[in-house]
Amino acid sequence: MIQIENTLVSFDIFEKKFSCDLRQCKGVCCVEGDSGAPLEKGESRRIEEYYEEIKTFMKPGGIRAVEEQGFAVVDKEGDLVTPLIGGRECAYAIEENGICWCAIEKAWTQGKSAFRKPVSCHLYPIRITRYASFEALNYNKWEICRGARIKGEQEGIPVYRFLKQALIARYGEEWYQQLEYAAREIENGNIEIPPR
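Residues numbered from 1 in each chain as written. Predicted model: local features only at pLDDT ≥ 70, side-chain atom pairs only at ≥ 80, totals over all residues. Heavy atoms only, no water.

Helix and strand content of the chain: eleven helices and ten strands. The C-alpha radius of gyration computed for the chain amounts to 18 Å, which stays within 12% of the reference 16 Å derived for 196 residues, consistent with globular compactness. For the chain, the residues scored as buried account for 44% of the 196 residues in total. When contacts within the chain are restricted to residue pairs at least 6 apart in sequence, those whose partners lie at least 24 apart make up 64%. When the accessible surface of the chain is split by element, carbon and sulfur atoms take 46% of a total near 11,000 Å². Taking the 27 positively charged and 31 negatively charged side chains of the chain as two groups, their mean positions are separated by 3 Å. (Helix = DSSP H or I, 4+ residues; strand = E, 2+ residues; numbered from the N terminus. Rg over C-alpha atoms; globule rule 2.2 N^0.38 Å. Buried < 20%, exposed > 50% of the residue type's maximum accessible area, 1.4 Å probe, protein only. Contact = heavy atoms within 4.5 Å. Areas by Shrake-Rupley, 256 points an atom, 1.4 Å probe, with all protein chains shown as cover. Lys, Arg positive; Asp, Glu negative; His and termini not counted. Charge placed at Lys NZ, Arg CZ, Asp CG, Glu CD.)

In this structure, Pro 125 sits in the loop between helix H7 (119–122) and strand S9 (126–130). Classification of Pro 125 as buried rests on a relative accessible area of 0%. The spatial distance from the C-alpha of Pro 125 to the C-alpha of Glu 96 is 23 Å, given a sequence separation of 29 residues. Setting aside residues no more than four positions away along its own chain, Pro 125 makes contact with Phe 18, Asn 138, Tyr 139, Asn 140, Val 159 and Leu 163.

Turning to the nonpolar core, a few remarks are in order. Grouped together as the largest cluster of nonpolar side chains are 29 residues, with contacts concentrated most on Phe 14, Leu 167, Trp 175 and Leu 179. For this core, the secondary structure elements donating two or more residues are strand S1 (2–4), helix H1 (12–15), S9, strand S10 (135–139), helix H9 (159–162), helix H10 (164–171) and helix H11 (173–187). Looking at this core element by element, the count peaks at six residues for H11. Aside from chain neighbours lying at most four places away, what touches Phe 14 is Ile 2, Val 9, Pro 158, Tyr 160, Leu 179, Ala 182, Ala 183 and Ile 186. (Core = buried A, V, L, I, M, F, W, Y, C linked by side-chain atoms within 4.5 Å.)

Okay, here's the thing in structure tokens:
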């Protein structure tokens, strides 16, 4: 891992290639999984703050799920997550032209909300683990994202570059410049990636 400020970044984030291919996966990440999207502290309040705007894009089943369960729930592992419709898809999932995506982000794209979407969604396939004094950024490989890995390989897009805007939104421009510097050092052989 490489340390940048108070983060530890996995070498996978520099090495692995990734580029979402919604035509292939149809946004199934909003439907599959054991629980809803992980939420950071304060994100459920942000959803609540803009809920009336977000709600205008939601499906009736999603609205019912939020009314019954709340803006967020605690899953079986004790994590705060988005509620689900019938134990399956995210309550905030919507469908357009056969592709599933997010009512929260739709409200943001329409200028009706200042909250784009949960960090866990925005940064995927990076997952953040928080410790007392730092955060660890790791690459998460999920079978449903096979098309994104293939497209990323074809286009030569590493994870960190695919997620440039999301990483800048989370950590800032200066942090991202340090990340790019580390990527160049790896590419030039000045930082050696240990064998696995």
